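A closer look at the structure
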Amino acid sequence: MFTHMLVLGMALMGVNSAFAQAPAAGAAKPIKMVVLGDSLSAGLGLSASAAFPARLKQSLKIKGIDVDMVNAGVSGDTSSGGRDRLDWSVPEGTDAVILELGANDALRGTDPKVTRAALTDILARLKARKVAVLLCGMLAPPNYGSDYSARFNAIYPDLAKSFGVPLYPFFLEGVAADARLNQADGLHPTAEGVDVIVKNILPTVEAFVGAISGQRS
(Lines give C-alpha, C1' and ligand atoms only; values in the text may rest on other atoms or scores of the structure.)
Protein backbone atom coordinates (compact mmCIF):
# COMPACT_ATOMS: atom_id res chain seq x y z
CA MET A 1 0.00 0.00 0.00
CA PHE A 2 2.78 2.38 0.96
CA THR A 3 4.70 1.57 -2.22
CA HIS A 4 1.58 2.21 -4.31
CA MET A 5 1.01 5.61 -2.65
CA LEU A 6 4.66 6.53 -3.12
CA VAL A 7 4.53 5.73 -6.83
CA LEU A 8 1.27 7.66 -7.19
CA GLY A 9 2.74 10.64 -5.34
CA MET A 10 5.82 10.66 -7.57
CA ALA A 11 3.61 10.47 -10.64
CA LEU A 12 1.57 13.44 -9.47
CA MET A 13 4.75 15.38 -8.74
CA GLY A 14 5.85 14.70 -12.30
CA VAL A 15 2.53 15.94 -13.68
CA ASN A 16 2.71 19.09 -11.57
CA SER A 17 6.28 19.67 -12.70
CA ALA A 18 5.23 19.31 -16.32
CA PHE A 19 2.44 21.86 -15.84
CA ALA A 20 4.87 24.24 -14.15
CA GLN A 21 7.29 24.00 -17.05
CA ALA A 22 4.66 24.29 -19.78
CA PRO A 23 3.69 27.77 -20.97
CA ALA A 24 0.36 29.05 -19.76
CA ALA A 25 -2.40 27.93 -22.06
CA GLY A 26 -3.66 30.75 -24.22
CA ALA A 27 -0.87 33.10 -23.15
CA ALA A 28 -1.47 36.45 -24.82
CA LYS A 29 0.69 37.07 -27.85
CA PRO A 30 2.20 40.54 -28.29
CA ILE A 31 0.08 42.86 -30.39
CA LYS A 32 1.62 43.40 -33.81
CA MET A 33 1.57 47.14 -34.40
CA VAL A 34 2.69 49.21 -37.39
CA VAL A 35 3.30 52.95 -37.27
CA LEU A 36 2.37 54.10 -40.78
CA GLY A 37 3.68 57.60 -41.20
CA ASP A 38 6.12 60.11 -42.60
CA SER A 39 9.39 61.60 -41.34
CA LEU A 40 7.81 62.52 -37.99
CA SER A 41 7.50 58.85 -37.10
CA ALA A 42 10.35 57.59 -39.30
CA GLY A 43 12.75 59.55 -37.10
CA LEU A 44 14.44 61.82 -39.65
CA GLY A 45 17.73 63.06 -38.22
CA LEU A 46 17.62 60.62 -35.29
CA SER A 47 18.97 57.18 -34.53
CA ALA A 48 16.55 54.30 -35.00
CA SER A 49 16.36 53.83 -31.23
CA ALA A 50 15.29 57.48 -30.76
CA ALA A 51 12.48 57.38 -33.35
CA PHE A 52 8.87 57.50 -32.22
CA PRO A 53 8.01 53.78 -32.69
CA ALA A 54 11.04 52.60 -30.74
CA ARG A 55 10.48 55.06 -27.91
CA LEU A 56 6.78 54.21 -27.75
CA LYS A 57 7.55 50.48 -27.63
CA GLN A 58 9.95 51.09 -24.75
CA SER A 59 7.41 53.19 -22.83
CA LEU A 60 4.73 50.55 -23.30
CA LYS A 61 7.12 47.85 -22.11
CA ILE A 62 7.77 49.81 -18.92
CA LYS A 63 4.00 49.73 -18.40
CA GLY A 64 4.05 45.96 -18.82
CA ILE A 65 2.59 46.06 -22.35
CA ASP A 66 4.47 43.97 -24.90
CA VAL A 67 4.06 45.12 -28.50
CA ASP A 68 5.78 43.97 -31.69
CA MET A 69 6.42 47.39 -33.22
CA VAL A 70 7.22 48.12 -36.87
CA ASN A 71 8.39 51.54 -38.01
CA ALA A 72 6.74 52.04 -41.41
CA GLY A 73 7.50 55.75 -41.55
CA VAL A 74 8.84 57.09 -44.84
CA SER A 75 10.33 60.57 -44.91
CA GLY A 76 8.61 62.88 -47.36
CA ASP A 77 5.56 60.66 -47.64
CA THR A 78 2.12 62.15 -48.17
CA SER A 79 -1.21 60.57 -47.31
CA SER A 80 -1.47 59.46 -50.95
CA GLY A 81 1.98 57.88 -50.76
CA GLY A 82 0.98 56.01 -47.62
CA ARG A 83 -2.12 54.73 -49.37
CA ASP A 84 -0.09 53.53 -52.35
CA ARG A 85 2.26 51.46 -50.17
CA LEU A 86 -0.35 50.31 -47.67
CA ASP A 87 -0.38 46.62 -48.54
CA TRP A 88 3.35 46.07 -48.15
CA SER A 89 3.79 48.52 -45.28
CA VAL A 90 1.06 46.82 -43.25
CA PRO A 91 1.59 43.08 -43.78
CA GLU A 92 -0.93 40.34 -43.09
CA GLY A 93 -1.11 39.48 -39.41
CA THR A 94 -0.93 43.10 -38.28
CA ASP A 95 -3.28 43.76 -35.35
CA ALA A 96 -3.05 47.53 -35.10
CA VAL A 97 -1.90 50.62 -36.97
CA ILE A 98 -1.00 54.05 -35.67
CA LEU A 99 -1.76 56.23 -38.68
CA GLU A 100 0.37 59.37 -38.79
CA LEU A 101 0.12 60.99 -42.21
CA GLY A 102 -0.79 64.40 -43.61
CA ALA A 103 1.98 66.71 -42.40
CA ASN A 104 3.58 66.85 -45.85
CA ASP A 105 0.19 67.39 -47.46
CA ALA A 106 -0.29 70.46 -45.29
CA LEU A 107 3.22 71.78 -45.88
CA ARG A 108 2.72 71.52 -49.65
CA GLY A 109 -0.76 73.01 -49.62
CA THR A 110 -2.29 69.85 -51.04
CA ASP A 111 -6.02 70.14 -51.68
CA PRO A 112 -7.70 68.83 -48.50
CA LYS A 113 -10.03 66.78 -50.74
CA VAL A 114 -7.00 64.77 -51.88
CA THR A 115 -5.79 64.21 -48.33
CA ARG A 116 -9.25 63.27 -47.14
CA ALA A 117 -9.72 60.78 -50.00
CA ALA A 118 -6.36 59.10 -49.36
CA LEU A 119 -6.91 58.76 -45.61
CA THR A 120 -10.45 57.54 -46.21
CA ASP A 121 -9.13 54.82 -48.49
CA ILE A 122 -6.49 53.76 -45.96
CA LEU A 123 -9.05 53.55 -43.15
CA ALA A 124 -11.56 51.67 -45.29
CA ARG A 125 -9.00 49.11 -46.41
CA LEU A 126 -7.68 48.53 -42.89
CA LYS A 127 -11.21 48.22 -41.55
CA ALA A 128 -11.96 45.60 -44.20
CA ARG A 129 -8.90 43.70 -42.98
CA LYS A 130 -10.09 44.04 -39.36
CA VAL A 131 -6.95 45.98 -38.41
CA ALA A 132 -7.52 48.39 -35.51
CA VAL A 133 -6.45 51.99 -36.18
CA LEU A 134 -5.45 54.91 -33.99
CA LEU A 135 -5.67 58.04 -36.14
CA CYS A 136 -3.21 60.85 -35.37
CA GLY A 137 -4.38 64.29 -36.38
CA MET A 138 -2.35 67.03 -38.00
CA LEU A 139 -2.90 70.78 -38.15
CA ALA A 140 -2.25 72.94 -41.20
CA PRO A 141 0.31 75.77 -40.92
CA PRO A 142 -1.28 79.24 -40.96
CA ASN A 143 0.41 80.44 -44.16
CA TYR A 144 -2.29 79.00 -46.45
CA GLY A 145 -5.04 80.97 -44.78
CA SER A 146 -7.92 80.24 -42.44
CA ASP A 147 -10.14 78.61 -45.06
CA TYR A 148 -7.49 76.06 -45.98
CA SER A 149 -6.74 75.38 -42.30
CA ALA A 150 -10.41 74.85 -41.48
CA ARG A 151 -10.88 72.40 -44.35
CA PHE A 152 -7.67 70.51 -43.62
CA ASN A 153 -7.98 70.39 -39.83
CA ALA A 154 -11.53 68.99 -40.05
CA ILE A 155 -10.36 65.88 -41.92
CA TYR A 156 -9.17 63.96 -38.87
CA PRO A 157 -12.10 64.38 -36.45
CA ASP A 158 -14.52 63.78 -39.34
CA LEU A 159 -12.84 60.51 -40.34
CA ALA A 160 -12.42 59.32 -36.76
CA LYS A 161 -16.15 59.78 -36.24
CA SER A 162 -17.26 58.21 -39.51
CA PHE A 163 -15.01 55.14 -39.12
CA GLY A 164 -15.43 54.84 -35.35
CA VAL A 165 -11.69 54.90 -34.62
CA PRO A 166 -9.90 56.63 -31.75
CA LEU A 167 -8.30 60.00 -32.52
CA TYR A 168 -5.21 61.63 -31.06
CA PRO A 169 -6.03 65.19 -32.16
CA PHE A 170 -2.53 66.56 -32.89
CA PHE A 171 0.53 64.34 -33.20
CA LEU A 172 2.95 67.20 -32.45
CA GLU A 173 1.09 68.38 -29.34
CA GLY A 174 3.53 70.00 -26.92
CA VAL A 175 6.35 70.00 -29.48
CA ALA A 176 5.29 72.06 -32.51
CA ALA A 177 6.86 75.54 -32.66
CA ASP A 178 9.04 74.86 -29.60
CA ALA A 179 12.61 75.49 -30.76
CA ARG A 180 14.03 73.56 -27.79
CA LEU A 181 12.28 70.38 -28.94
CA ASN A 182 12.84 70.62 -32.69
CA GLN A 183 15.82 70.18 -34.94
CA ALA A 184 17.36 73.10 -36.82
CA ASP A 185 14.71 72.91 -39.55
CA GLY A 186 12.04 73.74 -37.01
CA LEU A 187 9.87 70.89 -38.29
CA HIS A 188 11.27 67.62 -36.98
CA PRO A 189 11.46 66.79 -33.29
CA THR A 190 14.71 66.13 -31.51
CA ALA A 191 15.09 63.01 -29.38
CA GLU A 192 13.77 65.06 -26.46
CA GLY A 193 10.87 66.18 -28.61
CA VAL A 194 10.02 62.58 -29.48
CA ASP A 195 9.95 61.74 -25.79
CA VAL A 196 7.44 64.55 -25.22
CA ILE A 197 5.26 63.20 -28.05
CA VAL A 198 5.44 59.70 -26.56
CA LYS A 199 4.61 60.94 -23.06
CA ASN A 200 1.59 62.85 -24.33
CA ILE A 201 0.19 60.13 -26.58
CA LEU A 202 0.91 57.21 -24.22
CA PRO A 203 -2.45 57.23 -22.37
CA THR A 204 -4.28 57.17 -25.70
CA VAL A 205 -2.15 54.28 -26.97
CA GLU A 206 -2.62 52.38 -23.70
CA ALA A 207 -6.39 52.67 -24.06
CA PHE A 208 -6.10 51.65 -27.73
CA VAL A 209 -4.08 48.53 -26.89
CA GLY A 210 -6.40 47.74 -23.99
CA ALA A 211 -9.41 47.79 -26.29
CA ILE A 212 -7.68 45.40 -28.71
CA SER A 213 -6.71 43.04 -25.88
CA GLY A 214 -10.31 43.12 -24.62
CA GLN A 215 -11.61 42.10 -28.04
CA ARG A 216 -9.18 39.17 -28.13
CA SER A 217 -10.39 37.71 -24.83
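The rules behind these values
- Residues numbered from 1 in each chain as written.
- Predicted model: local features only at pLDDT ≥ 70, side-chain atom pairs only at ≥ 80, totals over all residues.
- Heavy atoms only, no water.
- Helix = DSSP H or I, 4+ residues; strand = E, 2+ residues; numbered from the N terminus.
- Buried < 20%, exposed > 50% of the residue type's maximum accessible area, 1.4 Å probe, protein only.
- Contact = heavy atoms within 4.5 Å.
- Areas by Shrake-Rupley, 256 points an atom, 1.4 Å probe, with all protein chains shown as cover.
- Pairing = 2+ DSSP bridges.
- Core = buried A, V, L, I, M, F, W, Y, C linked by side-chain atoms within 4.5 Å.
- Phe/Tyr/Trp six-rings, centres within 6.5 Å; stacked < 30°, edge-to-face > 60°.

Focus: the overall build of the protein chain
- Counting its secondary structure elements, the protein chain contains 10 helices and five strands.
- The 217 residues of the protein chain split such that 41% are buried.
- For the protein chain, contacts bridging at least 24 residues in sequence account for 77% of all contacts bridging at least 6.
- Surface accessibility of the protein chain: about 11400 Å² in total, with carbon and sulfur atoms responsible for 61%.

Comments concerning the pairing of strand β4 (residues 132-136)
- Of all the five residues making up β4, four are buried; the element is thus mostly covered by neighbouring parts of the structure.
- Judged from the four bridges that link them, strand β3 (residues 96-100) and β4 form a sheet pairing that is parallel. Residue pairing in the sheet places V97 in a bridge with V133 of β4.

Focus: the nonpolar core
- In terms of nonpolar packing, the biggest core is built from 56 residues, with L36, F52, L56, L99 and M138 touching the most fellow members.
- By residue number, the principal contributor to this core is helix α10 (residues 191-216), which donates nine residues.
- Apart from residues lying up to four places away in sequence, L36 is in contact with A72, G82, R85, L86, S89, V90, V97, I98, L99, E100, L101 and I122.

Details of the packing of aromatic side chains
- Taken as a whole, this structure holds four aromatic pairs when the rule is applied.
- Consider the rings of Y148 and F152, whose centres lie 6.1 Å apart with planes at 15°: the pair is stacked. Residue Y148 and its partner F152 are both found in helix α8 (residues 146-153); the two are separated by four residues, about one turn of the helix. Each of the two residues, Y148 as well as F152, counts as buried.
- One aromatic cluster is present, formed by Y144, Y148, F152 and Y156 through successive ring pairs.

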